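Residue strings, one per chain:
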Amino acid sequence: MLFNIFKKKKEVPAVEPKMNREKERIAARKGELGEYKIDIQLDQLPKDCRYLSDLLVKNPKATSGYSQIDHVVLTPFGIFCIETKNYQGTIYGGKDRKTWLVNGKFKMMNPFVQNYGHIQALSSFLDKKYHTLFISIVSFTKRCTFKVGMDYRKIASNELIVYDIELSEFIHRKLSVLQIQHKQPLLDESDIASIYTTFSNANITDTEIRREHENALKQARPATSKQATCVICQKPVSDKVKSYCLSNEKFNRKIYCFEHQKTI
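Residues numbered from 1 in each chain as written. Predicted model: local features only at pLDDT ≥ 70, side-chain atom pairs only at ≥ 80, totals over all residues. Heavy atoms only, no water.

**Considering the overall build of the protein chain**
Short version of the rule: Under the DSSP-based scheme used, a helix requires at least four consecutive residues in state H or I and a strand at least two consecutive residues in state E, with every element numbered from the N terminus. Exposure is judged per residue with a 1.4 Å probe applied to protein chains only, and the accessible area is read against the type maximum: over 50% gives exposed, under 20% gives buried, and values in between give partly exposed. Residue contacts are defined here by distance: any two heavy atoms, one from each residue, within 4.5 Å place the two residues in contact. Calculation of accessible area relied on Shrake-Rupley with a 1.4 Å probe; when residues are assessed, cover is drawn exclusively from the protein chains displayed.
Along the protein chain, the regular secondary structure elements total seven helices and eleven strands. Looking at the protein chain residue by residue over its 264 residues, the buried ones come to 38%. Counting only contacts in the protein chain whose residues sit at least 6 apart along the sequence, the fraction spanning at least 24 positions is 56%. On the protein chain, roughly 16,500 Å² of surface is accessible, and the fraction owed to carbon and sulfur atoms is 53%.

This is the structure in structure tokens:
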């Protein structure tokens with residue numbers, strides 16, 4: 001019995017880093033599964049629709065010089081630009097707010113402002129006659145609850161917030177409304193093929209450029225968000241914890257969560 005107790009204590013330090021790595025793998029896996037669920041739904045769209053995923057295109061107005069678009073769906077009645085979010089919790093926001101909140105604490109850019117930038121970047125590659133055909137959709141996982149303006153859920157809007165599992169449903173419903181409004185398709189088969197080729201050619205696949213884009217976003221993130229995180233585990237911390245760490249010489253102007261303060 002005593003031997004078993006001591007044996008368990010010796011194993012604890014070795015398990016903790018494995019648990020952290022496992023959490024990272026789980027988080028990455030959730031992101032992959034989220035995108036997989038989106039792709040499955042986009043595959044269910046009508047045959048006259050085409051889509052592209054994970055586009056990186058030049059955008060001089062963006063922080064990194066590029067815009068990364070999760071999904072673009074080309075249909076006879078409009079171009080859907082889709083931004084996907086993998087958050088968990090209650091989403092607070094509205095049209096008049098530059099920043100939204102997750103669980104009332106973590107700040108994020110208004111995703112429709114972000115998606116507007118993506119649409120502007122895509123529009124720069126197209127003739128002006130196509131610029132008014134964009135519909136902005138922001139997709140969250142079912143692990144979220146919406147506390148946002150109800151207009152975002154009205155199918156008549158050109159800015160829609162949806163759950164990932166209902167994405168194809170909302171696109172179908174929106175297309176039905178547009179079809180009633182316009183009677184005739186706004187884009188024919190050749191238009192869709194041409195736009196698809198244009199976006200495909202604009203897409204940057206160079207891994208080094210994509211890595212530089214991601215690094216630029218990471219460096220810019222602290223400047224655009226006041227949400228502090230632990231330098232070790234990246235866990236969000238409160239303003240009180242942030243102030244305590246920055247004012248304590250022991251932490252050398254670095255921010256640590258409560259648990260990691262004990263290790264310094």
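**Digging into helix α4 (residues 189-202)**
Convention followed: An expected span of 1.5 Å times one less than the residue number is assigned to each helix. Relevant arc is that of directions from the helix axis to the C-beta atoms, nothing else.
The first and last C-alpha atoms of α4 sit 20 Å apart over 14 residues, in line with the 20 Å expected at 1.5 Å per residue. All of the buried residues along α4 are Asp191, Ile192, Ile195, Phe199 and Ala202. The arc that holds the buried residues of α4, viewed along the axis, is 95°, so those residues lie on one side. Exposed residues pointing more than 90 degrees away from the buried face of α4 are listed as Glu189 and Asn201. Buried residues along α4 sit in contact with β1 (50-58), β2 (66-75), β3 (78-85), α2 (111-123) and β7 (134-140).

**Structural notes on the environment of aspartate 96**
Locating aspartate 96 in the fold gives a position in the loop between β4 (89-92) and β5 (99-102). Of the residues examined, aspartate 96 reaches a relative accessible area of 71% and is grouped as exposed. When the C-alpha atoms of aspartate 96 and asparagine 110 are compared, they prove to be 9.2 Å apart, with 14 residues separating the residues in sequence.

**Overview of the sheet that holds strand β9 (residues 159-163)**
Stated formally: In this scheme, strands are said to pair when DSSP sees at least two bridges between them. Every angle, taken between N-to-C directions, lies between 0 and 180 degrees, and every axis is a line fitted to C-alpha atoms, over only the stretch in contact when it is a helix.
Reading across from one edge, β1-β2-β3-β7-β9 is the order of the five strands in this open sheet, with mixed pairing throughout. Where the open sheet ends on each side, the last strands, each with one partner, are β1 and β9. Direction aside, the axes of adjacent strands within the sheet are offset by 30° on average. Alignment of β7 against β9, held across five bridges, turns out to be parallel. Its bridge partner lying in β9, serine 136 is registered against glutamate 159.

**A short note on the environment of alanine 193**
Within the fold, alanine 193 resides in helix α4. Along the chain, alanine 193 and cysteine 49 lie 144 residues apart, while their C-alpha atoms are 9.9 Å from each other.

**Some thoughts on the sheet that holds strand β6 (residues 106-109)**
Ordered in space as β6-β5-β4-β8, the four strands form an open sheet in which the pairing is mixed. Each end of this open sheet is capped by a strand with a single partner; those strands are β6 and β8 (144-147). Here the strands of the sheet are splayed against their neighbours by 25° on average, with no regard to which way each runs. The pairing of β5 with β6 spans four bridges and is classified as antiparallel. Bridging across to β6, threonine 99 finds its partner in methionine 109.

**Remarks on the state of the cysteines**
The criterion, for reference: We call a pair of cysteine sulfur atoms a disulfide when they lie within 2.5 Å.
Per the counting criterion, the structure on display carries zero disulfides. No disulfide involves cysteine 245; its sulfur sits 8.0 Å from that of cysteine 230, the nearest cysteine. Its sulfur unpaired, cysteine 257 is 3.8 Å from the next cysteine sulfur, which belongs to cysteine 233. When its relative accessible area of 6% is taken as the criterion, cysteine 257 is described as buried.

**So, the packing of aromatic side chains**
One pair of aromatic rings is described through two measures. These are the centre distance and the angle between the planes. What counts is decided by this rule: When the centres of two rings from Phe, Tyr and Trp lie within 6.5 Å, Trp using its six-membered ring, the rings pair. Their planes under 30 degrees apart give stacked, over 60 give edge-to-face, and anything left gives tilted.
A full pass over the atoms with the stated rule returns eight aromatic pairs. Ring centres 5.6 Å apart and planes at 70° place the aromatic pair phenylalanine 140 and phenylalanine 146 in the edge-to-face group. Across this residue pair, the class does not change: phenylalanine 140 and phenylalanine 146 are buried. Taken together, Trp100, Phe112 and Tyr152 form an aromatic cluster joined through their ring pairs.

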